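Given next are the chains, with one letter for each unit.
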Amino acid sequence: MAARGHVQDPNDRRLRPIYDYLDNGNNKMAIQQADKLLKKHKDLHCAKVLKAIGLQRTGKQDEAYALAQEVAALEPTDDNSLQALTILYREMHRPELVTKLYEAAVKKVPNSEEYHSHLFMAYARVGEYKKMQQAGMALYKIVPKNPYYFWSVMSLIMQSISAQDENLSKTMFLPLAERMVEKMVKEDKIEAEAEVELYYMILERLEKYQEALDVVRGKLGEKLTSELQSRENKCMAMYKKLCRWPECNALSRRLLLKNSDDWQFYITYFDSVFQLIDESWTPPLEEEQSLEGEVHYSIEQAVKFIEERITEESKSARPLRGPYLAKLELIRRLRCRGCNDEYKLGEPEELMFQYFKKFGDKPCCFTDLKVFVDLLPSNQYTKFISQLLEVIPLSAAAESEVALPADIKALQQHLCVVQLTRLLGIYHAMDKKEKLTAVRELMLRYRHGLEFGKTCLKTELQFSDYYCLLAVHLLLDLWLEEGEETAVWQCLTFLEEGLSHSPSNAQFKLLLIRIYCRLGAFEPVAELYSSLDAKHIQHDTIGYLLTRYAESLGHYAAASQSCNFALRFFHSNQKDTSEYIIQAYKYGAFEKIPEFIAFRNRLNSSLHFAQVRTERMLLDLLLEANISTSLEESIKSMSLSPEEDDIPWKDLRDNRDLTVLFNWDPKDRDISEEHRKLSLEEETVWLRIRSLTLRLVSGLPTLSHTIQPKNSEKTAENGVSSKIDTIRSLLQQLEAAVDSGKKFLEQKIQYPVLGPPPTRMAGFFSNGSCQCQTSLFYLVSDIYELDTNGLEDSAEIQERIGNSFKSLIERLTDLFNKCKGDLIEVRDGTLKTQPNLLENLVFFVETISITLWVSSYCDSVLRPFKSNLQKKKKKKKESSVAMPPVFTHFLDYVTELQTLTSNVIDHIKGLEIILTALKLEELSLKDTLLLQTDGEVS
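K.L.:
Hey, could you run me through empty space enclosed by the protein in this one?
P.N.:
Vacant regions in the atomic arrangement are exposed by a probe of water-molecule size rolled over the atoms. Going through the model one piece at a time under the given rule, you end up with five cavities of 30 Å³ or more. One number sums up the size of the largest cavity: a volume of about 310 Å³. Surrounding the largest cavity, 21 residues form its lining, Thr 547, Arg 548, Gln 611, Glu 615 and Glu 683 being those nearest its centre. Of the residues assigned to the lining of the largest cavity, the class counts are eight nonpolar, six polar and seven charged. Roughly 60 Å³ of volume is contained in the second largest cavity. It is helix H23 (residues 465-482) that contributes the most residues to the lining of the second largest cavity, three residues altogether. Partitioning the lining of the second largest cavity into residue classes produces three nonpolar, two polar and three charged.

K.L.:
Help me out: how do you make sense of helix H12 (residues 209-217) in this one?
P.N.:
For an α-helix, the turn length of 3.6 residues means that residues three or four places apart are oriented alike. Taken together, the buried positions of H12 are occupied by Tyr 209, Ala 212, Leu 213, Val 215 and Val 216. Burial along H12 is one-sided: seen end-on, the buried residues are contained in an arc of 160 degrees. Residues of H12 that are buried sit in contact with helix H11 (193-205) and helix H13 (230-241).

K.L.:
For this particular structure, what's the right way to read unusual backbone geometry?
P.N.:
Phi is mostly negative for residues that are not glycine, and the peptide bonds are mostly trans. If you check the backbone angles, His 536 has positive phi at about 45 degrees while not being a glycine. Within the fold, His 536 resides in the loop between helix H26 (523-532) and helix H27 (538-541). By relative accessible area, His 536 is classed as partly exposed at 36%.

K.L.:
Quick question: what am I supposed to make of the packing of H13 against helix H15 (residues 263-278) here?
P.N.:
How two helices pack is summed up by the angle between their axes together with the distance between the axes. In contact at an axis separation of 13 Å, H13 and H15 are set at 25 degrees when each is read in the N-to-C sense. Here H13 lies roughly parallel to H15, going by the angle between them. As H13 runs across H15, the sense of the crossing is left-handed. Together, Asn 233, Met 236 and Lys 240 of H13 and Gln 264, Phe 265 and Thr 268 of H15 make up the contact between the two elements. Broken down by class, the residue content of the contact of H13 with H15 amounts to two nonpolar, three polar and one charged.

K.L.:
Explain the side chain of Asn 27 here, please?
P.N.:
Assignment of secondary structure puts Asn 27 in helix H2 (residues 27-40). Residues within four places of Asn 27 in sequence aside, it is in contact with Tyr 21, Leu 22, Gly 54, Arg 57 and Thr 58.

K.L.:
Explain the confidence of the model for the protein here, please?
P.N.:
Atomic detail in the predicted coordinates should be set aside for any region of low pLDDT. Residue-level pLDDT values for the protein average 88, and 93% of them are 70 or greater. With pLDDT under 50 throughout, residues 1-7 is counted as low confidence; its partners more than four residues away or in other chains account for 21 contacts. Contacts for the low-pLDDT stretch residues 707-719, under 50 throughout, to residues beyond four places or in other chains number seven contacts.

K.L.:
I'm lost on the pattern of salt bridges in this one. Help?
P.N.:
A pair can form between side chains of opposite charge whenever their charged atoms are brought close. Considering all chains together, one arrives at 49 salt bridges under this definition. Across the pair Asp 533 and Lys 535 runs a salt bridge whose closest N-O atoms are separated by 2.5 Å. Relative accessible area serves as the criterion here: at 46%, Asp 533 is assigned to the partly exposed category. A salt bridge links Arg 690 to Glu 846, with the nearest nitrogen and oxygen atoms 2.7 Å apart. In this pair, Arg 690 is assigned in helix H33 (residues 673-699) and Glu 846 in helix H39 (residues 835-876), connecting sequence segments 156 residues apart. Of the two residues, Arg 690 and Glu 846, neither departs from the other in class, the shared state being buried. Residues joined by salt bridges that share partners form a network here, namely Asp 271, Glu 329, Arg 332 and Arg 333.

K.L.:
Honestly, the packing of aromatic side chains in this entry has me stumped. Any pointers?
P.N.:
The geometry of an aromatic ring pair comes down to the distance between the two centres and the angle between the two planes. One pass over the full model with this rule turns up 28 aromatic pairs. Residues Tyr 324 and Phe 359 carry aromatic rings whose centres are separated by 5.9 Å and whose planes lie at 70 degrees to one another, so their mutual orientation is edge-to-face. Within this pair, whereas Tyr 324 is found in helix H17 (residues 322-336), its partner Phe 359 is found in helix H18 (residues 348-359), the two being separated by 35 residues in sequence. Seen from their ring centres, Tyr 466 and Phe 662 are 5.6 Å apart, and the 85 degrees between their planes marks the pair as edge-to-face. Here Tyr 466, found in helix H23, pairs with Phe 662, found in the loop between helix H32 (631-637) and H33; they are 196 residues apart in sequence, far enough to count as distant. Taking relative accessible area as the criterion, Phe 662 reaches 35% and is therefore assigned partly exposed. Three or more aromatic residues link up through ring pairs in this structure, and these residues are Phe 120, Tyr 148, Trp 151, Tyr 585 and Phe 590. A cation over an aromatic ring shows up here: Arg 548 above the ring of Tyr 549, its NZ or CZ 4.5 Å from the ring centre. When the ring centre of Phe 765 is taken as origin, the NZ or CZ atom of Lys 742, which lies over that ring, is 5.8 Å away.

How each quantity is defined
Residues numbered from 1 in each chain as written. Predicted model: local features only at pLDDT ≥ 70, side-chain atom pairs only at ≥ 80, totals over all residues. Heavy atoms only, no water. 1 Å grid on protein atoms, 1.4 Å probe; cavity = no way out; pocket = protein on both sides within 12 Å on 5 of 7 lines; lining within 4 Å. Points joined across faces, edges and corners; volume = space filled by probe spheres on them. Nonpolar A, V, L, I, M, F, W, Y, C, P; charged D, E, K, R; others polar. Helix = DSSP H or I, 4+ residues; strand = E, 2+ residues; numbered from the N terminus. Buried < 20%, exposed > 50% of the residue type's maximum accessible area, 1.4 Å probe, protein only. Arc of directions from axis to C-beta. Contact = heavy atoms within 4.5 Å. Axes fitted to C-alpha atoms, helices over the stretch in contact; angles between N-to-C directions. Parallel < 35°, antiparallel > 145°, perpendicular 65-115°, else oblique. Left-handed = near helix turned anticlockwise from the far one by under 90°. pLDDT = per-residue confidence, 0-100. Salt bridge = Lys/Arg side-chain N within 4 Å of Asp/Glu carboxyl O. Phe/Tyr/Trp six-rings, centres within 6.5 Å; stacked < 30°, edge-to-face > 60°. Lys NZ or Arg CZ within 6 Å of the ring centre and 35° of its normal.

Okay, here's the thing in C-alpha cells:
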C-alpha cells in the first residue's frame, strides 16, 4: 500500500488495521473498520478514502467515487489522504483526477518539494508536457537541484515529439531546450551523465551533428561512462550522419584492434571502406589522415586487415568467430559489387568448411553459416555436405547400420550439417521414398541423442531435439505437398514424444498448436498455449496463434478467454508505460522516455489489439445479447456506437512474430517480405469487414420503432433519419470492403507452411455467410423505409421485403447444407478431418444470430402496424379488410426460420453423438506410413 507518512501520529495507529485489511484483500472488513473509525473521528479524511478503496474493490464504483470526491472537495494536504486518493484514482483509471488533487495541495503548501514532485509525476501520467515543464521549473525555483531543471528540459523535448507541426518543434521547443542546457554548460553546472545525454539528444534532433560530435569528443563527453563504448558509439553515429567516412573507418578499425569479435564494427568498417573507394578518397599529403588515426581506403588494405585479425585470433586463448565471418562478409560484398578481388580471400566453400571444423560443435554455427550459403554454387551443395560429414567422428556397430555420434560435440556437428542439408534444399529434392528413409534416420538419431541428456532437468532441452523437428518438417512436406494424410498423424506422435522428453521445448508446442489448429482440433491447443506461459509483449506477438482459431473452431469459452488475456495486457500497457516514464525521470534515463512513448503508441496501434477488441465484442453479443440481456443493453454496456470507429487504420502496426517457428527452408520456400505485406493486407481487409459488421449490429437498437406517425419533419427532429443514414453509409463501406476482400482472394496467395495463417475471409465468402449478412442489413433499410412511408402505397417495398425474406431463407438453407458432412472420415484406418465444416457451422451460428436480431427489428416495426389494422377492422366492423402481403411474408419467413433452426440444433446434437461413438480403437498408429514402407527401406 501507500507510504504511511514519515511522522508518527495517532492517526497512523488508528488507520493501520484498515491498511492491513486492504493489503490482505479483506475489503469488507476494511469498510467496516473505516465506518467504526469515522463514527469516532468524523474529520479523519484518510479513513473515508480507505473506505472508498474498499468499495471500489468490491464493485461499488459509484459509491467509491462519490466518497472520494467528497474528500477531494476539501482539498486535503495530509500525506495519508493524498497517497490513498492517488491509489484510488489509479484503480479507477482516472489519473487526471490526481493532477487536480496535487494542484490544490501545491496552492495550499507552495514550498513543499514533495507535493511539487508528486504534481510533476501526476502530469507525466497523463502526458501534460507543457504543465510538466512549468512544474519542473517551479520545483527548481523552490529547490535548485539539477535533476528538476532537466525534468523541465526533457518536458520541452516531449512537447517537440508530440507536436503535430514539425516546424514548430524545430523552431521553438528544441531551440528553447538547447538554450536552457547551454545556460547550465556556460555556468559549469552540468553534473551527471544523464544531463550530457540530454544535451546530445537535443542537438541530434536539431540535426546539429557537428555540435553533438564536439560535445561527445569534448570535456562533457568524459562523463559518458555508464555504457561500454558509449562515447565511441555516439561519435560513430555522428560521423555517419556527417558522412565523414575517413573518421568512421579509422574509429571502427581502432575498435576492432581492441576487440576483433565485435560484429557491428566490422559492418561499419566495410561500409566506410567501400564509401571511400566510391569517392576515390586519398589521404592528405601533409595533414593527419583523420581525427581518429589511420584510414583504410582500398580493397587490398581491407583484405590485409582481415587476414591480420585472423592471424591474431589464432594466438587468442578463446576462439573468436568474428574475423572468420568478416572474411566471408567481405567476399559477399565484393561479389555484390562485381569485383574480381574475392579470389585474394580464398574459396567460400573452403572458408566455410574451415569455419565448420573450428566451430561446428557450437549451436550458433548453423545460424552463422546460414547468411553465407548464397556464396556456394548450387552444383556444389551435395559435395559440400559430404565434405562436412567426412570430418564428423561417427561410428556404426555394423556396416548396414546408421553411424552415430559418440559424444555431444559430434552430435552438435552432425546436427549442424543436417540443418544445412535442409537449408540447401537437398531434402526438398528427394522423392517420397527417400524422404521417409531420411525421417526414419532422423528419429533414430533423435532417440539415440536422448542418451546424452539423461541428466537434463525438465526445464532444459534435449541435445537432439532438432532431429525430431526436422523429421516433422519432412513429414509436413509429404502431407501438404503430396497429400499423404498418414504423415500428419505421424507428425503429432513424434512431437508428443518429443514433448514427453523435453517438456519445456516451445518449438514442439508451437508446431503442435499449428498442426492441431489446421486439423480443426482446438481442445489440446488451449492447454499447449497455456504451458508456453506467454508473458507481456508475447500476448501481442504470438497471441494470433490462439485467437485466429479459437472462435472459428467453435470454442467460444476459449476464444473469450484468449481475447481477455490479450486485452488485459493491452489495457495495462497504458498504465504501465506511464510508470516506466516516471521511473525514467526519477533516475535520469531521459533517452528512454521517447522509446517508452513509441512503445505505447505501437501497442495502441497494434493490428492484434484491434482484432481481439472487435472479435471479443462480436463474441459477447453472440453469447449474451437476447439471452441474458437485450441487444440494446449489451451494446450500451460496451459503449458501442455505429458512428464511432476507434481503429487507427492509417497507423495499424503488424506486431506478429511470423518467424516464431524455427524454419530451415531455402529462401524460395521461406516467408518473404512480400508474404508479410500480403498477410497484413488480408488481415486489415478482414478486420474492416468484422468491424463494419459490429458497427452495423450496434446500429440496430438505434432504429427502435416509435409509435407516432412519422413524417420528414419529425424524423429530422428526433434524429432517427441520421441513424438510418449511418446504417446505409456503413453498408456501402461494407460492400466496398467485401469487394476488396474478393479482389485480394483472386490472387490465390499461398503462404509458406509455417508462415502466417490465412484469415477466415475465404470461408466467409465461399460458404455464403457474406451474402446472407449483407442482405440482412439491406433488409433493415427496406423495413425502415416501410416504417417511414406506412403500409399504404408501399406495394413495391412490401414485394421487395417479401423477396428478401424468401432469398434469405434459401441462402441460410444453402449455408446450412455446407455445414453437413463428417467432421472425421475414417478410411482404411486412415483419418481425415474436415475443419471447414466446423468453420461453416460457426459462421452459420453467427449469421443466424444476426438474422434473429434483424427479425426482432422487423417484428418491432410490423407488430404496431398489424395492431392498428385490427383496431380499424373492429371499428368499421368489416370482416374482409385485406391484410397487406408483408405480414404473410413475415409469418412464412418466421415459420421457415424456426424449422431451419430446429434442424440445425438436431444436426449439432447428431455431430456430438457421432464424435462420441467414433471407435478410436479402430485407428492404429502402428500401421503408419513409415512401417508400410519398412520393407522397401530395409
